[in-house]
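Listed below, chain by chain, are the residues.
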Amino acid sequence: MKAFQYLRPSKVQDAIRAVGSDPGARFIAGGTNLIDLMKRGIVSPDKLVDINHLPLKKISYQSGRLKIGALALNSEVAAHPAVLQKQPLLAQALHSGASGQLRNMATMGGNALQRTRCPYFYDTAFPCNKRKPGSGCAAVEGINRMHSIFGVEKANATQSCIAVHPSDMSVALAALDAEVIIQGQGGERRIAFTDLHRLPGNQPELDTTLERNELITGFEIPDNDFGMHAHYLKVRDRASFAFAIVSVAAALDVKEGKINAARLAMGGVAHKPWRLFEAERHLLGKPVSEALFRQAAALGMRDAVSFGQNDYKLRMAPNAVVQALLHAAAIE
Amino acid sequence: MTDKESLDRVDGPEKVAGTATYSAEYRFKNLAHAVLVTSTIAKGEITSMETRKAERAPGVLTVLTHLNAPEIPGNPKAVQPAGRAAVGTAFRLFHDRYIYFDGQPVALVVAETAEKAKYAASLIQVTYQTEKHATDFEANSRHAALPVNIQRSQNSPFKDYERGNPGAVVQAEVKIEATYTIPTQHHQPLEPHATIAVWEGDDKLTVYDKNQVSNLHRETSRRHLN
């Protein structure tokens, strides 16, 4: 690990200024991903700006919105009464992620901003457009059973990136129409959570739409009528402490036997949490049935591609969508 | 396993409680730290090694490679044949330019702290002439052969096992044919691979090591160091 300077500012603006003014500076919160990346030589910051002491840990519910500070710990959020009552889907997703020890360290902002676990991103002996722009993508012809099926053009894949975003929490936040509150040097802005992460395109080195001098300060989730009709299904190699092969966040609002609102997002399938907007629209106004769920899942798969070892995801993904919807609808 | 067969491990409670002292956790004054640089190819030859930056990095005491490694008394270079070692030959560390496996140690950086050694190790640049490796068991199964030493041995556990009437399957009325594969198994020790060696006099070396057979390890070390 390269020697680095360590700062611990007490004000949000001081932290933002410290990172904004130095291209070699990085924020550090729980450090559960950044420290690994530093040890492996993937990133080598000159300066770490520790934000753990900033007052951004609060979890509250006010006027129809659940507000969660960016530094609230994953474990605190997953166990918080307001989260369990208002947005149980988020609690489920958080619980399925990482391990108890990691959830006690990892923050909400850090979870959203964690990097992909693609083995070629981590192994500096291989080309990787995300780590070293323009070097190529070893995963396209390599070990890619964990990789993307959405959001990447097959013909352009070696110039782009087929890695997936590893966060479970982010899949739930994408499904729940969460907003991200971002503080910059000029002030605050808000974006939809679905606009936080990018598709790889020709700049796979950029995971998000954040600017260098911006800091996520919190997330807000508006009320919904999904109640307990929400389910996070995670398919993985081990029952615990494993990243999703495919995951689905499903939420349904059923009134008088018909679907009034639906949300579907997937993890482990794209460079960002993947919302299935077309599948959601297909469900609207129709009575709940497994056949309907199968139609919606098939619609959601229309643009899917695969790269050999992850061909199985083309079947697993729609099956997982159906399974998650059945759970959400309490049919199964 | 019955109660009768069950034995308590002497180190069980300490390991479970996290209080066991791992090899790397013993503390000594003036302890130097070493970090390995490992090959990024599976087969080929080292064509060049750039170690100057690492040698000049803060806190670095030495950088060892096959180009400057001192002779191992019990394993002198002079008696070893030149060229790529034959299949079945014991692996010799920092011996020559040949790469036999992915992750093969190619350099060792010794520094005042582990962090300084690790940083210096990241500055070493190795270039290789890559040869085609064959590591896919399935694709290479038709080349499979029983090694000569197993064929020679009367009691090798790796020999084909036969009893009863092995030809019976040919006449059998009902046959079930299937391919059985074994998933990847990872050997995962509780503690990281780390060794501390302390000279306690000209003829006494104490080694704190993570291993499974300590007396065998002691004999190997003694033989290498004469």
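Sequence order as written defines the numbering, with residues in each chain counted from 1. Just so you know, chain letters begin at A and ligand numbers begin at 1, following the order they were written in. Totals for whole chains, interfaces and linings use every residue, but because this is a predicted model, local features are given only for residues with pLDDT of at least 70 and side-chain atom pairs only at 80 or more, for both listing and counting. Hydrogens and water are ignored here; the side-chain numbers use all heavy atoms of the structure.

Participant: Looking at this structure, I do not really get the overall build of chain A. What am I missing?
Facilitator: Each helix corresponds to a stretch of at least 4 residues labelled H or I by DSSP, and each strand to a stretch of at least 2 residues labelled E; elements are numbered beginning at the N terminus. Helix and strand counts for chain A stand at 12 helices and 12 strands. Taken over C-alpha atoms, the radius of gyration is set against a globule rule of 2.2 Å times the number of residues to the power 0.38. By the compact-globule yardstick of 20 Å for 332 residues, chain A fits well, its C-alpha radius of gyration being 20 Å. Relative accessibility under 20% of the residue-type maximum defines a buried residue, over 50% an exposed one, and the middle range a partly exposed one, all with a 1.4 Å probe and only protein chains included. Within chain A, the fraction of its 332 residues that count as buried is 55%. Accessible area of chain A: about 14200 Å², with a carbon and sulfur share of 52%. Charge counting treats Lys and Arg as positive and Asp and Glu as negative, with His and both chain ends excluded. Working definition for charges: the position is that of NZ of Lys, CZ of Arg, CG of Asp or CD of Glu. Taking the average place of the 39 positive charges on the side chains of chain A and the average place of its 30 negative ones, the gap between the two points comes to 3 Å. Each accessible area is a Shrake-Rupley result for a 1.4 Å probe, and residues are judged covered by the shown protein chains and nothing else.

Participant: Would you explain the sheet that holds strand β6 (residues 179-183) of chain A in this entry?
Facilitator: Working definition: the strands of a sheet are paired by backbone hydrogen bonds and lie parallel or antiparallel to each other. All names here are of chain A. Two strands qualify as a pair provided DSSP detects at least 2 bridges between them. With antiparallel pairing, 5 strands are arranged side by side in an open sheet as β4-β5-β8-β6-β7. Looking at which strands have only one partner, the edges of the open sheet turn out to be β4 (59-62) and β7 (188-192). Taking each pair of neighbouring strands and ignoring which way they run, the sheet shows an average axis angle of 25°. Across 5 bridges, the pairing between β6 and strand β8 (residues 215-222) is antiparallel. Considered in β8, the bridge of Ile181 is made with Gly218. Between N-to-C directions, angles span 0 to 180 degrees; the directions come from axes that are lines fitted to C-alpha atoms, helices contributing only their stretch in contact.

Participant: For this particular structure, what's the right way to read a nonpolar patch on the surface?
Facilitator: A patch consists of residues whose relative accessible area exceeds 30% and which take part in no salt bridge; residues with like charges are grouped when within 9 Å of each other, and nonpolar side chains (Val, Leu, Ile, Met, Phe, Trp, Tyr) when within 5 Å. Salt bridges are counted wherever a side-chain nitrogen of Lys or Arg sits within 4 Å of a carboxyl oxygen of Asp or Glu. On the surface, a cluster of nonpolar side chains totalling about 250 Å² of accessible area is made up of Phe91, Leu93 and Phe101 of chain B. Mapped onto the elements of the fold, Leu93 of chain B is located in the loop between β3 (60-65) and β4 (98-99).

Participant: Can you walk me through the nonpolar core in this structure?
Facilitator: Taken as a class, soluble globular proteins show a tendency for nonpolar side chains to be buried jointly. All names here are of chain A. If you look at the biggest cluster of nonpolar residues, it comprises 40 residues, and the most contacted ones within it are Val77, Leu90, Met108 and Phe193. Per element, the largest residue contribution to this core is 6 residues, and it comes from helix α9 (residues 169-175). Any two residues whose heavy atoms approach within 4.5 Å at even a single point are treated as in contact. Look past the residues within four positions of Val77 in its chain and what remains in contact with it is Ile59, Ile68, Ala72, Val83, Leu90, Leu94 and Met108. Among buried residues, those of type Ala, Val, Leu, Ile, Met, Phe, Trp, Tyr and Cys that are joined through side-chain atoms within 4.5 Å constitute a nonpolar core. Within the second largest apolar cluster, 32 residues are counted, among which are Ile149, Ala262, Leu264 and Ala296.

Participant: What is the right way to look at unusual backbone geometry in this model?
Facilitator: Glycine aside, residues mostly have negative phi, and peptide bonds are mostly found in the trans state. Residue and element names in this part refer to chain A. Residues other than glycine seldom take positive phi values, yet Ser63 does so here, at roughly 35°. With respect to the secondary-structure elements, Ser63 resides in the loop between β4 and β5 (65-69). For Glu256, which is not a glycine, the phi torsion comes out positive at approximately 50°. Using a relative accessible area of 84% as the deciding quantity, one classes Glu256 as exposed.

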